[in-house]
Amino acid sequence: MLYRIRVGDTLIVENKPLNQTNVYMVINLGTDEGFGLMCLSCGSIVGSFGADKEKLMEYINGFLNVKYIVPKEEICEFFNG
């Protein structure tokens, strides 16, 4: 993957097992829990990865087919514009 995924970025993906499109946001779960993925469709936390970036990439490559990454700056600009 050429783009470095960061906290606050939104991922538009195809969920391989469910064969459906979902939208996830990379979120900060707190200082002790690290970061995770939150499904914006249902609001649930679908992955908690601590500080392990490799675990996040394994999860994404195993279950999700990333179609588009919306950088956090674009989301902020959209809501503030």
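Now for a quick tour of the structure. (Residues numbered from 1 in each chain as written. Predicted model: local features only at pLDDT ≥ 70, side-chain atom pairs only at ≥ 80, totals over all residues. Heavy atoms only, no water.)

Along the protein, the regular secondary structure elements total 2 helices and 5 strands. For the protein, the sequential pattern of α-helices and β-strands runs β-β-β-β-α-β-α. Here the C-alpha atoms of the protein give a radius of gyration of 12 Å, agreeing with the 12 Å that 2.2 N^0.38 yields for 81 residues. Structurally, the protein occupies a C-alpha span of about 35 × 30 × 30 Å along its principal axes. Every one of the 81 residues in the protein was classed for burial, and the buried ones make up 30%. For the protein, the accessible surface area stands at approximately 5,400 Å², while carbon and sulfur atoms represent 55% of it. Of note, the protein has its 7 positive side-chain charges centred 3 Å away from the centre of its 10 negative side-chain charges. (Helix = DSSP H or I, 4+ residues; strand = E, 2+ residues; numbered from the N terminus. Rg over C-alpha atoms; globule rule 2.2 N^0.38 Å. Buried < 20%, exposed > 50% of the residue type's maximum accessible area, 1.4 Å probe, protein only. Areas by Shrake-Rupley, 256 points an atom, 1.4 Å probe, with all protein chains shown as cover. Lys, Arg positive; Asp, Glu negative; His and termini not counted. Charge placed at Lys NZ, Arg CZ, Asp CG, Glu CD.)

The tendency in soluble globular proteins is for nonpolar side chains to be buried as a group. Within the largest apolar cluster, 13 residues are counted, with the highest numbers of intra-cluster contacts made by Leu11 and Leu37. Examining the composition of this core, we find that 3 residues originate from one element, strand 3 (residues 34-39), more than from any other. With residues up to four places along the chain from it excluded, the contact list for leucine 37 reads Leu11, Tyr24, Met25, Val26, Ser44, Ile45, Val46, Gly47, Phe49, Leu56, Tyr59 and Leu64. (Core = buried A, V, L, I, M, F, W, Y, C linked by side-chain atoms within 4.5 Å. Contact = heavy atoms within 4.5 Å.)

With that out of the way, let us pick up the environment of glycine 34. Relative to the helices and strands, glycine 34 is located in strand 3. Linking glycine 34 and lysine 53, residues 19 residues apart in sequence, is a C-alpha distance of 10.0 Å. When residues no more than four places from it in sequence are discounted, the contact partners of glycine 34 are Ile27, Asn28, Leu29 and Gly50.

A separate point is the pairing of strand 3. The element strand 3 is extensively covered by neighbouring structure, given that 5 of its 6 residues are classed as buried. Pairing analysis gives 6 bridges linking strand 2 (residues 20-30) to strand 3, with the strands arranged antiparallel. Considered in strand 3, the bridge of valine 26 is made with leucine 37. Turn length for the strand 2-strand 3 hairpin, with the two strands adjacent in sequence and antiparallel, is 3 residues. (Pairing = 2+ DSSP bridges.)

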